[in-house]
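Single-letter residue listing:
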Amino acid sequence: FLSLAVSSLLKAKSNIETGFDLWRYDTGLRTFWFCEVPSGADLGEAAEVFRCCGALLGQALVNSTQLQISFPRVFYGLLLHGLGSSVETTFGLPELATVRPEMARSLQELLNYEGDEVADIFPLEWPGQEEELTLANKS
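These lines cover the structure that appears in this document, whether it is placed above or below.

Cut-offs used in this document
- Residues numbered from 1 in each chain as written.
- Predicted model: local features only at pLDDT ≥ 70, side-chain atom pairs only at ≥ 80, totals over all residues.
- Heavy atoms only, no water.
- Phe/Tyr/Trp six-rings, centres within 6.5 Å; stacked < 30°, edge-to-face > 60°.
- Helix = DSSP H or I, 4+ residues; strand = E, 2+ residues; numbered from the N terminus.
- Buried < 20%, exposed > 50% of the residue type's maximum accessible area, 1.4 Å probe, protein only.
- Pairing = 2+ DSSP bridges.
- Core = buried A, V, L, I, M, F, W, Y, C linked by side-chain atoms within 4.5 Å.
- Contact = heavy atoms within 4.5 Å.

Evaluated as defined, the whole model comprises ten aromatic pairs. Ring centres of F32 and F71 lie 6.4 Å apart, and the angle between their planes is 55°; on these two criteria the pair is classed as tilted. On the criterion of sequence distance, the pair formed by F32 in strand β2 (residues 31-34) and F71 in the loop between α2 (43-62) and α3 (73-82) is long-range, its members being 39 residues apart. Grouping residues by exposure puts F32 and F71 together as buried. Measuring from centroid to centroid gives 6.3 Å for W33 and F75, while their planes differ by 80°, and the two rings are edge-to-face. Taken together, the residues W33 in strand β2 and F75 in helix α3 connect sequence positions 42 residues apart. Under the relative-accessibility criterion, W33 is labelled buried at 15%. Three or more aromatic residues joined by ring pairs form one cluster here, namely W23, Y25, F32, W33, F34, F71, F75 and Y76.

This is how it looks when you write it as structure tokens:
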């Protein structure tokens, strides 16, 4: 039962009308990860589906039920961190690469860039505008 229920939740959409996917399966990595939520989307129902999925995953662990799903290692690190575990967990580019390899590679290339000021070349509205993005604080 738990395997079927978790499989159904991994295929769930946020709701029937606006239905954006909640989980993304990466065929190259063969893992599930959270989908990006469209801007302006109502997160109430999505949060409830994630909570239900978490409850089912927890119940599967308690019952020692093996599920045919795979999450990246960083997923379990986030769970441990959220539970206040004393296991030290770091989150950086290597962990990002287990979830979004292209994004990690792009960010690494940006960190390795030694040309002109990045902010001059890519004039974007960076979060945290109080700190200027420069070569000195790129790491």
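That covers the picture; the talk isn't over yet.
Our focus in this paragraph is the pairing of strand β1 (residues 23-26). Pairing geometry for β1 and β2, over four bridges, is antiparallel. From the neighbouring strand, W23 faces β2, where its bridge partner is F34.

With that settled, the discussion passes to the nonpolar core. Among the nonpolar cores identified, the biggest contains 22 residues, and V6, L10, W23, L57, I69 and F71 are the most heavily contacted of them. Of all the secondary-structure elements, those providing two or more residues to this core are α1 (2-10), β2, α2 and α3. A total of six residues in this core trace back to one element, the largest contributor, which is α2. In contact with L57, not counting residues within four places along its chain, are V6, L67, I69, F71 and F75.

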